[in-house]
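Coordinate inspection notes
The chain contents come next:
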Amino acid sequence: MIQRAVILSAVPVGPEMAGYLRPGDYIVACDAGYRNAARLGVRPDLIVGDFDSAPQPVTDRETIVLPHVKDDTDTQYAARWLLEQGCREVVMLGALGGARIEHTFANISTGLYLARQGVDTVLADARSEMHYLLSGNPLVLPRKDWKYLSVFALGAAMTGVTLEGVYYPLHDATLTELDYPLGTSNEFTAPEAVLRCTGGHGLVVLTRDDG
């Protein structure tokens, strides 16, 4: 059984992202994500992809070659594979930004898929982290060096929303769908923020100061 995994997608990452890696992590590189493994000084345990964004590497690492015509993105396939292996914690790197904005949105969707299956899921880049808030599943987020905390409903309205330890607290509130971003750019006022909701699910974005 795989306890904790790191999915490396194709958006180039810097060496500072190595801080998300832990000894014993199972590393899955998706397509050009194997280049990120090299940047971070790790060898992937598994490489998956249709290799449309980078040549298939010559390697002794286990490789799953996917067809070009398929329903899953390479990252979604990796997420589904990890779920089948019993994985309970996933960090997604190289999944945000880049030239293909649709892949960023797709990767956020993949993260939600994992979170709704009970997997503790984080997406991160050099300036931000993304978490998922699910009904009946409180989130406790340490302040660390984060400046802003934003909450967005995904799909349907979030109900019973409570935010504590932030400049704009909420209690039993409703955050409507994505047509009104009320939860943008809240700020930490305590060493940790506690977030809860009783219905729906949302995306929580932590961002460092602009300066």
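Up top is the structure.
Everything quoted here is computed from the prediction, not taken from an experiment.

Reading guide: rules and limits
- Residues numbered from 1 in each chain as written.
- Predicted model: local features only at pLDDT ≥ 70, side-chain atom pairs only at ≥ 80, totals over all residues.
- Heavy atoms only, no water.
- Helix = DSSP H or I, 4+ residues; strand = E, 2+ residues; numbered from the N terminus.
- Rg over C-alpha atoms; globule rule 2.2 N^0.38 Å.
- Contact = heavy atoms within 4.5 Å.
- Areas by Shrake-Rupley, 256 points an atom, 1.4 Å probe, with all protein chains shown as cover.
- Lys, Arg positive; Asp, Glu negative; His and termini not counted.
- Charge placed at Lys NZ, Arg CZ, Asp CG, Glu CD.
- Salt bridge = Lys/Arg side-chain N within 4 Å of Asp/Glu carboxyl O.
- Buried < 20%, exposed > 50% of the residue type's maximum accessible area, 1.4 Å probe, protein only.
- Pairing = 2+ DSSP bridges.
- Axes fitted to C-alpha atoms, helices over the stretch in contact; angles between N-to-C directions.
- Phe/Tyr/Trp six-rings, centres within 6.5 Å; stacked < 30°, edge-to-face > 60°.

Let us look at the overall build of the protein chain. In terms of helices and strands, the protein chain carries three helices and 14 strands. Compactness check: the protein chain gives a C-alpha radius of gyration of 17 Å against a globular reference of 17 Å for 211 residues, within 12% of the reference. The principal-axis extents of the C-alpha atoms in the protein chain amount to approximately 55 × 35 × 35 Å. Partitioning the contacts of the protein chain with sequence separation of at least 6, the portion at a separation of at least 24 is 60%. By element, 53% of the accessible surface of the protein chain is carried by carbon and sulfur atoms, the whole surface being about 10500 Å². When the 17 basic and 26 acidic side-chain charges of the protein chain are each reduced to a single mean position, those positions are 4 Å apart.

What follows concerns the pattern of salt bridges. Inspection of every chain in the model, using the stated rule, returns eleven salt bridges. Here Glu89 makes a salt bridge to Arg4, at a shortest N to O gap of 3.2 Å. Taken as a pair, Glu89 in strand E5 (residues 89-93) and Arg4 in strand E1 (residues 4-8) lie far apart in primary sequence, 85 residues in all. Arg4 gets classed as buried once you look at its relative accessible area, which sits at 11%. Between Asp72 and Arg80 there is a salt bridge, and its shortest N-O distance comes to 3.1 Å. Looking at Arg80, the relative accessible area reads 31%, which means it is partly exposed. Overlapping salt bridges bring together Arg4, Arg22, Asp25 and Glu89 as one network.

This part takes up the sheet that holds strand E4 (residues 62-65). Judged by pairing direction, the sheet is mixed, and its ten strands sit side by side in the order E4-E3-E2-E1-E5-E6-E7-E14-E9-E12 without closing on themselves. Strand pairing shows two members of the sheet lacking a second neighbour, E4 and strand E12 (186-187), which therefore form its edges. As defined by bridge partners, E5 adjoins strand E6 (residues 120-124) across five bridges and the pair is classed as parallel. Paired with Val90 across the bridge in E6 is Thr121. Together, E1, strand E2 (26-30), strand E3 (46-49) and E5 form the strand contacts of helix H1 (residues 33-40), whose direction differs from that of E1 by roughly 115°.

Our next topic: the environment of Ser109. Along the chain, Ser109 turns up in helix H3 (residues 101-116). For Ser109, a relative accessible area of 36% translates into the label partly exposed. Remark: the alpha-carbon pair of Ser109 and Leu154, spanning 45 residues in sequence, is separated by 9.4 Å.

Now for the packing of aromatic side chains. According to the stated counting rule, one finds two aromatic pairs in the structure shown. Taken together, a centroid distance of 5.8 Å and an interplanar angle of 25° make the contact between Tyr26 and Trp81 stacked. On the criterion of sequence distance, the pair formed by Tyr26 in strand E2 and Trp81 in helix H2 (residues 74-84) is long-range, its members being 55 residues apart. Here the two residues Tyr26 and Trp81 agree in accessibility, since each one is buried.

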